[in-house]
Amino acid sequence: MYVMHNSEYPLSCFALFESGPCLIADANFDILMVKLKGFFQNAKANKIETRGTRYQYCDFLVKVGTVTMGPSARGISVEVEYCPCVIANDCWSLLMEFMQSFMGSHAPGLPSVFSTKHDSIYSPSDTMVQYMELFNKIRKQQQVPVAGMR
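Presented here is a report on the structure given in the accompanying data block. What you see is a predicted model, and the numbers here were worked out from it, not measured in a lab.

**Digging into the overall build of the protein chain**
Stage number 1. A tally of helices and strands in the protein chain yields four helices and six strands.
Stage number 2. Secondary structure elements of the protein chain occur, N-terminal to C-terminal, as β-β-β-α-β-β-β-α-α-α.
Stage number 3. Principal-axis analysis of the C-alpha atoms gives the protein chain an extent of 55 × 50 × 25 Å.
Stage number 4. Relative to its 150 residues, the protein chain shows a buried fraction of 29%.
Stage number 5. In the protein chain, of all internal contacts separated by at least 6 residues, the share reaching a separation of at least 24 is 38%.
Stage number 6. Put simply, the protein chain has 13 plus and 13 minus side-chain charges, and the middle of one group is 15 Å from the middle of the other.

**Focus: the sheet that holds strand β3 (residues 22-26)**
Stage number 1. In space, the three strands of this open sheet follow the order β1-β2-β3, with antiparallel pairing throughout. The outermost strands of the open sheet, each flanked by one partner alone, are β1 (2-4) and β3. The average angle at which neighbouring strand axes cross in this sheet is 25 degrees, direction not considered.
Stage number 2. Where β1 meets strand β2 (residues 12-16), three bridges bridge the pair, whose relative direction is antiparallel. Along β2, the bridge assignment pairs Met 4 with Phe 14.
Stage number 3. Sitting on the sheet, helix α4 (residues 124-140) touches β1, β2 and β3, and the angle it makes with β1 is about 120 degrees.

**As for the pattern of salt bridges**
Stage number 1. Going through the model one piece at a time under the given rule, you end up with four salt bridges.
Stage number 2. In this structure, Glu 79 and Lys 63 form a salt bridge, with 3.4 Å as the shortest nitrogen-oxygen distance. Of this pair, Glu 79 sits in strand β6 (residues 72-82) while Lys 63 sits in strand β5 (residues 60-69); the two residues are 16 residues apart in sequence, bridging distant segments of the chain.
Stage number 3. Exposure remark for Glu 79: the relative accessible area of 14% places this residue in the buried category.
Stage number 4. Via salt bridges that share partners, Glu 8, Arg 54, Lys 63 and Glu 79 belong to a single interconnected network.

**So, the packing of aromatic side chains**
Stage number 1. Evaluation of the coordinates by the stated rule reveals six aromatic pairs.
Stage number 2. Where Phe 98 meets Phe 102, the ring centres are 5.4 Å apart and the plane angle is 70 degrees; that geometry is what we call edge-to-face. With Phe 98 and Phe 102 both in helix α2 (residues 92-103) and four residues apart, the pair spans about one turn of that helix.
Stage number 3. Given the relative accessible area of 14%, Phe 98 is considered buried.
Stage number 4. We classify Phe 102 as partly exposed; its relative accessible area is 42%.
Stage number 5. When the ring of Tyr 131 is compared with that of Phe 135, the centres are 5.9 Å apart and the planes differ by 45 degrees; the resulting orientation is tilted. Within this pair, Tyr 131 and its partner Phe 135 are both found in helix α4, separated by four residues, close to a single helical turn. Note on accessibility: Tyr 131 and Phe 135 belong to one class, buried.

Here is what the cut-offs are and how they apply
Residues numbered from 1 in each chain as written. Predicted model: local features only at pLDDT ≥ 70, side-chain atom pairs only at ≥ 80, totals over all residues. Heavy atoms only, no water. Helix = DSSP H or I, 4+ residues; strand = E, 2+ residues; numbered from the N terminus. Buried < 20%, exposed > 50% of the residue type's maximum accessible area, 1.4 Å probe, protein only. Contact = heavy atoms within 4.5 Å. Lys, Arg positive; Asp, Glu negative; His and termini not counted. Charge placed at Lys NZ, Arg CZ, Asp CG, Glu CD. Pairing = 2+ DSSP bridges. Axes fitted to C-alpha atoms, helices over the stretch in contact; angles between N-to-C directions. Salt bridge = Lys/Arg side-chain N within 4 Å of Asp/Glu carboxyl O. Phe/Tyr/Trp six-rings, centres within 6.5 Å; stacked < 30°, edge-to-face > 60°.

Encoded structure:
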């Protein structure tokens, strides 16, 4: 189980299971988890977070952040939201065009969370699932040794 927080929803705490549901609770969920430490072990060494800047351009919300694991930077995250749309599949083409305008060929493909949502309303838990997928990819990355320069 992963316990996650999002600064856009400061009063909520998200508990995500590997390939299961996402529980949304109030911020006191962390206190409950401390009391259940005999059943759940906190993996502080695996703490990963993204911090960055939030931009608004017309109806688009763009968040660019540095993903850190411990003291070292491990990657960059880019979150894009088209605010007027609540059904993500309806505006995916527009989101893709917008992302390609500043990311070029690095714009991502259709997120896996969309394959199960089809025409349902996009929710904050869908964003947290995508962050969990990103963080898991970063955790699994092997550090490539840097060749020495001569």
